[in-house]
Amino acid sequence: MFTIFNSVWDNVLGPLLQRPKRQQVAALCYRGDGADKEVLLISSRDTGRWIIPKGWPIRGKNGPQSAMQEAWEEAGVRKGTTDADAIGTYTYDKRQSTGWSIPVETMVYPVAVETIEDEFPEVSQRKRQWVSPDDAADLVQEPELQNILRSI
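Residues numbered from 1 in each chain as written. Predicted model: local features only at pLDDT ≥ 70, side-chain atom pairs only at ≥ 80, totals over all residues. Heavy atoms only, no water.

1. Details of the pairing of strand β7 (residues 101-116)
- In this structure, strand β1 (residues 22-31) lies alongside β7, joined through nine bridges in parallel fashion. Opposite Q23, over in β7, you have E105 as the bridge partner.
- Where strand β5 (residues 77-82) and β7 come together, five bridges link them in antiparallel fashion. Considered in β7, the bridge of T81 is made with A112. (Pairing = 2+ DSSP bridges. Helix = DSSP H or I, 4+ residues; strand = E, 2+ residues; numbered from the N terminus.)

This is how it looks when you write it as structure tokens:
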């Protein structure tokens, strides 16, 4: 009986009930090289945990352009150079206002910061700090993002 249930779940019910992960884009903002390299972390608005700027893709913009827009709105990065290709992905569960969470896969684009402003759209809602990639990895919660930070 249990084997039949498992088979029905694995082949019919499970795939019907599972939703694909939603996609977000993130900007891994950095400055300096080698031992002097630092990455920019910001606080999340809801829990205050340390994250990198991220958000939903923006209609009319590609992944790197959307990531740059998030870097501006959330961290004040006015100008930077990014790559066309993501350097990795990480997943997390995004809490919704309803209390439910949805799985999100986040594409991470590197951004070499050229100009950063003190006034930006979410300045009153976030803190920001420059830290070494290893320190950043210790401060963020997502294991896959920790690995990305330790690899740059």
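2. Re the nonpolar core
- Grouped together as the largest cluster of nonpolar side chains are 18 residues, with contacts concentrated most on L28, L41, I52, V108 and L149.
- Sorting the residues of this core by element identifies β1, β2 (38-43), β6 (88-95), β7, α3 (133-139) and α4 (143-151) as the ones contributing at least two each.
- Among residues more than four places away in sequence, those in contact with L41 are W50, I51, I52, K127, R128, Q129, V131, A136, L139 and V140.
- If you look at the next biggest cluster of nonpolar residues, it comprises 14 residues, including V25, C29, L40 and V77. (Core = buried A, V, L, I, M, F, W, Y, C linked by side-chain atoms within 4.5 Å. Buried < 20%, exposed > 50% of the residue type's maximum accessible area, 1.4 Å probe, protein only. Contact = heavy atoms within 4.5 Å.)

3. So, the packing of aromatic side chains
- Inspection of the entire model under this criterion finds one aromatic pair.
- A cation over a ring is seen here: R31 above W130, with NZ or CZ 4.0 Å from the ring centre.
- Between R78 and the ring centre of W72, over which it is positioned, the NZ or CZ distance is 3.6 Å. (Phe/Tyr/Trp six-rings, centres within 6.5 Å; stacked < 30°, edge-to-face > 60°. Lys NZ or Arg CZ within 6 Å of the ring centre and 35° of its normal.)

4. Regarding the side chain of S44
- The topology assignment puts S44 in the loop between β2 and β3 (50-51).
- A distance of 3.1 Å separates polar atoms of two side chains, one belonging to S44 and the other to D46.
- Apart from residues lying up to four places away in sequence, S44 is in contact with R49, I51 and R126. (Polar contact = N/O pair within 3.5 Å; in protein donor to acceptor, adjacent residues only side chain to side chain.)

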